Amino acid sequence: HAALDDASDAIADGCRAICMTGPTGCGKSHMMAIQTERARRVAVYTHRRMLFDQLSGTLTDHGIQHGLRAAGHKPRLLEDKQLCMIQTEGSRIDRQGVHECDQYHVDEVHVNAGPTMQEIVGKHDEHGAVGIFWTATPLGIGHLCDHLITIAKTSQLRDCGAIVPAYHYGPD
């Protein structure tokens, strides 16, 4: 968990928007859950129903009780930890606001850096929350993040057996 310690150090040094990057399969979702455990009040954002369900399962596996802020779910707004669908939050932001928290996480930030997320981030910034942005592709997000932490490189993950090399068979 050296990358999480690096994130804690960056926060202590005054960073307010940290990008955590690592290849697919490096455990970003589990690290997000561990970081969620460390903070008192947290909002976690994603943009796809499949990822929403996966993240809810990961949070549950880590013993983290959380509310669900998404269409089709009964809200539990008093929970300190909230899993939020970006589209739902964007449509409700004017009448409901954002979950007031100490820390918020954005999954797959490389595809979630547009105007809706920028508005959500702005509301969290007004409350003084720290943003942690997660992606395997840290491109086009400089307007949201001021610090980059590399979780691991693909070669490091192969060397320790966390992921296996891919073999490609096909025409030249």
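Computed from a prediction, not measured in an experiment: that's the story for all the values here.

> Requested: an account of the sheet that holds strand β1 (residues 17-21), with residues and values cited.
Strand order in the open sheet made by the 7 strands is β3-β4-β2-β5-β6-β1-β7, with parallel pairing throughout. With one partner strand each, in any of the chains shown, β3 (67-69) and β7 (147-150) form the two edges of the open sheet. Taking the axes of each pair of neighbouring strands and ignoring which way they run, one obtains an average angle of 20° across the sheet. In the packing of helix α1 (residues 2-12) onto the sheet, contacts are made with β1, β5 (103-106), β6 (130-135) and β7, and the angle to β1 comes to roughly 165°.

> Explain helix α4 (residues 86-96) to me, and be specific about the residues and the numbers.
Among all positions in α4, only Ile86, Thr88, Glu89, Arg92 and Ile93 are buried. The buried residues of α4 all sit within an arc of 145° when viewed along its axis, so they share a single face. For α4, the exposed residues set more than 90 degrees away from the buried face come down to Ser91, Asp94 and Arg95. Packing partners of the buried residues in α4 comprise β2 (42-46), β3, β4 (81-85) and α5 (115-126).

> Kindly report on unusual backbone geometry, identifying the contributing residues and their values.
Non-glycine residue glutamate 108 carries a positive phi angle of around 55°. Relative to the assigned elements, glutamate 108 resides in the loop between β5 and α5. Residue classification places glutamate 108 among the partly exposed positions, given a relative accessible area of 25%.

> An account of the environment of glycine 122 is needed here, citing residue identities and associated values.
Take glycine 122: it is sitting in helix α5. Exposure remark for glycine 122: the relative accessible area of 28% places this residue in the partly exposed category. Note: C-alpha distance between glycine 122 and leucine 144 (22 residues apart in sequence) is 9.7 Å.

Cut-offs applied
Residues numbered from 1 in each chain as written. Predicted model: local features only at pLDDT ≥ 70, side-chain atom pairs only at ≥ 80, totals over all residues. Heavy atoms only, no water. Pairing = 2+ DSSP bridges. Helix = DSSP H or I, 4+ residues; strand = E, 2+ residues; numbered from the N terminus. Axes fitted to C-alpha atoms, helices over the stretch in contact; angles between N-to-C directions. Contact = heavy atoms within 4.5 Å. Buried < 20%, exposed > 50% of the residue type's maximum accessible area, 1.4 Å probe, protein only. Arc of directions from axis to C-beta.

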